There are 2 protein chains.
Amino acid sequence: MGSPESATAFAPGHVTAFFSVHRHEDPVRAGSRGAGVATSDGVTTTVTPADETTVTLNGAETVIEPVERVLDTLGVTAHVVCETTLPLGAGFGVSGAAALGTAFAADAAVEMGHSENRLVTVAHVAEVQSGTGLGDVVGQARGGLPVRLDPGAPTQGRLDGVPATGRVEYLTFGDLSTAEVIEGDVTDLSAAGARALDSLRDRPTPARLVDAGRAFAREADLLVDEVRAVLDAVPEASMAMLGRSVFAFGTALTDAGYDASVCEIDHAGARRR
Amino acid sequence: MGSPESATAFAPGHVTAFFSVHRHEDPVRAGSRGAGVATSDGVTTTVTPADETTVTLNGAETVIEPVERVLDTLGVTAHVVCETTLPLGAGFGVSGAAALGTAFAADAAVEMGHSENRLVTVAHVAEVQSGTGLGDVVGQARGGLPVRLDPGAPTQGRLDGVPATGRVEYLTFGDLSTAEVIEGDVTDLSAAGARALDSLRDRPTPARLVDAGRAFAREADLLVDEVRAVLDAVPEASMAMLGRSVFAFGTALTDAGYDASVCEIDHAGARRR
């Protein structure tokens, strides 16, 4: 990373509490409405321009389709090095964070001079086209407790936020397939997501975010057994969409005896490092 | 500050590089287009509900009209304690940061449950109605290098950002009256501001922000002698609107021998502490 032409960016993790699916033939307009939490545990991405593209995640060579799509869109080939302490495929938006980090770091490394909206849009489109997510990128770009009032890239829709600060705890039991859920029949899920968003807009507080997420998980029939057991034991915890994962604010999970990971709400969103 | 019902928020400083004035009878829609820098030197505000409102700034009792207006709008009376290392009345958005911090901290102290957009709008309207600023609040809420593509509160207009990170230096020689400039004839100023915004949108980089700001200061005839002297000596520096102040990225001012204050770009924008 000592190369003069490499650049580094950070994007927070993003836990979705609830969402509704909005398909559109234009990927800039496709996405989800919903709300979640941007976490200080995130993905740090270093981009070094090179003749051929390689991608590593925590030291192992891998393929992250949204990252490749971001590079293709920006016309860059590079060594992309992603580092994260977040669990993979477990509802923390690792692919979205890697895509965003790649966009911000590539822009800086090659001095392309794109705006933030442009870079976020490139990453959002890459995520939608890869089928790996619908709203994480937009939430990760904003930071805090992002509320996506409209679907699509930030140039398309309104965002708001739930004022909050402090500690976030999370637990994971493994992965759920995002593509399987968001490409299936989402009529009931989206109706539940719309109700959850109405409930949160009525009182945008962290406690309401959790309550709306719990109702959504139940109504959308997304609860898996391990998650259901934690939610039954901890009324302040909700499910991280779409993973076999649980999150809570403050110390609710550790107070209940769970060996939870601990981080903070990330207020800043994706940024150069 | 130890009271259980007090709450604290932080808002970054905001240096405006250039702007155009957009008057509107609805203060939610009034404001400015333009761009600037959110700084890690900002205002920390603690709100403690009380029978009568008092406001102190760095320990001295004072009147900050936008702060009083925010409390009136939210229906709160409180002791408001603002602390800042920023120079006052010198183009760093202290009144806007105090208004924003008061909104976020009052919301938390009284558990009102307003959304971020609502709180930012309340602070923006308070600043516009007080004649103390047009765009600082919106920039301070976003953080980074905010670009205000449309005037007005965040519910009204599009925002973008210039990707950047790192050090900001600034110097001040004293105050300029914001009200005198923004309430006068702003035809030429706004035309220069619109040209500067076009130039930045063409290439949204920190260097272009500085260049567009320098051209704006000259064309809008806002340069004062002390500022002109620094800008002549340091081509990487621009004027902070509206103050007898200068800012630059990196080490441009200290490299030229000036005894500049040093802080960082603040990526997070206004937030609870």
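Above this text sits the structure in question.
Just so it is clear, the model here is predicted, and its values are computed rather than measured.

The pair of chain copies shares a relation made of a rotation about an axis and a shift along it. With an axial shift of 0.0 Å and an RMSD of 0.0 Å, the rotation relating chain B to chain A amounts to 180 degrees. These values place the two chain copies in the arrangement generated by a two-fold rotation axis. For chain B, the residue whose C-alpha comes nearest the rotation axis is B:A268, separated from it by 1.8 Å. Both copies present the same face, since 100% of the interface residues in chain B are matched by interface residues at the equivalent positions in chain A.

All names here are of chain B. Taken as a whole and judged by the stated rule, the model has six aromatic pairs over all chains. With a centroid separation of 4.7 Å and 50 degrees between ring planes, the pair formed by F92 and Y170 is classed as tilted. On the criterion of sequence distance, the pair formed by F92 in the loop between β5 (78-84) and α2 (94-109) and Y170 in strand β8 (residues 167-175) is long-range, its members being 78 residues apart.

With respect to the helices and strands, A:R214 occurs in helix α7 (residues 206-219). In contact with A:R214, other than residues within four places in its own chain, are A:L231, A:V234, A:P235, A:E236, A:A237 and A:S238.

A few words now on the pattern of salt bridges. Residues and elements named next belong to chain B. One pass over the full model with this rule turns up 18 salt bridges over all chains. A salt bridge links D266 to R271; the nearest nitrogen and oxygen atoms lie 3.1 Å apart. Taken individually, D266 and R271 each receive the classification buried, so the pair is uniform in this respect.

Bringing the packing of helix α1 (residues 65-74) of chain A against helix α2 (residues 94-109) of chain A into the picture now. Residues and elements named next belong to chain A. In the contact formed by α1 and α2, the axes pass within 8 Å of each other and the chain directions differ by 25 degrees. What the angle tells us is that α1 and α2 run roughly parallel. Judged by the sense of rotation from one axis to the other, the crossing of α1 with α2 is right-handed. Contacts from P66, V67, V70, L71 and L74 of α1 reach α2 at S95, A98, A99, T102, A103 and A106. Across the contact of α1 with α2, the residue classes break down as nine nonpolar, two polar and no charged.

Turning to the interface of chain B and chain A, a few remarks are in order. Between chain B and chain A, the residue contacts involve 26 residues of the former and 26 residues of the latter. For the pair chain B and chain A, the summed buried area comes to about 2,000 Å², and 49% of that belongs to carbon and sulfur atoms. Summed over the three residues of chain B that lose the most area to chain A, namely B:E116, B:P163 and B:R272, the buried surface amounts to 26% of that side. Of the charged contacts in the structure, one is a salt bridge between B:E116 and A:R142, with a shortest N-O distance of 2.7 Å. In this assembly, chain B and chain A are joined by 18 residue pairs in polar contact (both at pLDDT 80 or more).

Residues and elements named next belong to chain B. On the secondary structure map, D41 appears in strand β2 (residues 31-49). No salt bridge is formed by the buried D41, whose closest oppositely charged neighbour, R273, lies at an N-O distance of 9.5 Å. Among the polar contacts made by the side chain of D41, one reaches the side chain of Y170 at a distance of 2.5 Å. Once residues lying within four places of it in the same chain are set aside, the contact partners of D41 are P12, G13, T85, L86, Y170, V262 and C263.

A separate point is the sheet that holds strand β10 (residues 243-249) of chain A. Residue and element names in this part refer to chain A. What the four strands build is an open sheet, ordered β9-β10-β8-β11; its pairing is antiparallel. The sheet is open, and its two edges are formed by β9 (237-240) and β11 (261-264), each paired on a single side. The mean angle between the axes of side-by-side strands here comes to 30 degrees, regardless of whether they run parallel or antiparallel. Pairing analysis gives four bridges linking strand β8 (residues 167-175) to β11, with the strands arranged antiparallel. Looking across to β11, one finds that E169 is bridged to V262. Strands in contact with α7 are β9 and β10; relative to β9, the strand with the most contacts, it is inclined by about 60 degrees. Its contacts with the sheet place helix α8 (residues 225-233) against β8, β9 and β10, and it is angled at close to 20 degrees to β10.

Residue and element names in this part refer to chain B. Strand order across the open sheet formed by four strands is β9-β10-β8-β11, with antiparallel pairing between neighbours. The open sheet is flanked by β9 (237-240) and β11 (261-264), the only strands paired with a single partner. Each strand of the sheet is rotated relative to its neighbour by a mean of 30 degrees, with strand direction disregarded. With respect to the sheet, helix α7 (residues 206-219) is in contact with β9 and β10 (243-249), its orientation differing from that of β9 by roughly 60 degrees. In the packing of helix α8 (residues 225-233) onto the sheet, contacts are made with β8, β9 and β10, and the angle to β10 comes to roughly 20 degrees.

What counts and how
- Residues numbered from 1 in each chain as written.
- Chains lettered and ligands numbered in written order.
- Predicted model: local features only at pLDDT ≥ 70, side-chain atom pairs only at ≥ 80, totals over all residues.
- Heavy atoms only, no water.
- Least-squares fit on C-alpha atoms with pLDDT ≥ 70 in both.
- Contact = heavy atoms within 4.5 Å.
- Phe/Tyr/Trp six-rings, centres within 6.5 Å; stacked < 30°, edge-to-face > 60°.
- Helix = DSSP H or I, 4+ residues; strand = E, 2+ residues; numbered from the N terminus.
- Salt bridge = Lys/Arg side-chain N within 4 Å of Asp/Glu carboxyl O.
- Buried < 20%, exposed > 50% of the residue type's maximum accessible area, 1.4 Å probe, protein only.
- Axes fitted to C-alpha atoms, helices over the stretch in contact; angles between N-to-C directions.
- Parallel < 35°, antiparallel > 145°, perpendicular 65-115°, else oblique.
- Left-handed = near helix turned anticlockwise from the far one by under 90°.
- Nonpolar A, V, L, I, M, F, W, Y, C, P; charged D, E, K, R; others polar.
- Buried area = accessible area lost by both parts, 1.4 Å probe.
- Polar contact = N/O pair within 3.5 Å; in protein donor to acceptor, adjacent residues only side chain to side chain.
- Lys, Arg positive; Asp, Glu negative; His and termini not counted.
- Pairing = 2+ DSSP bridges.

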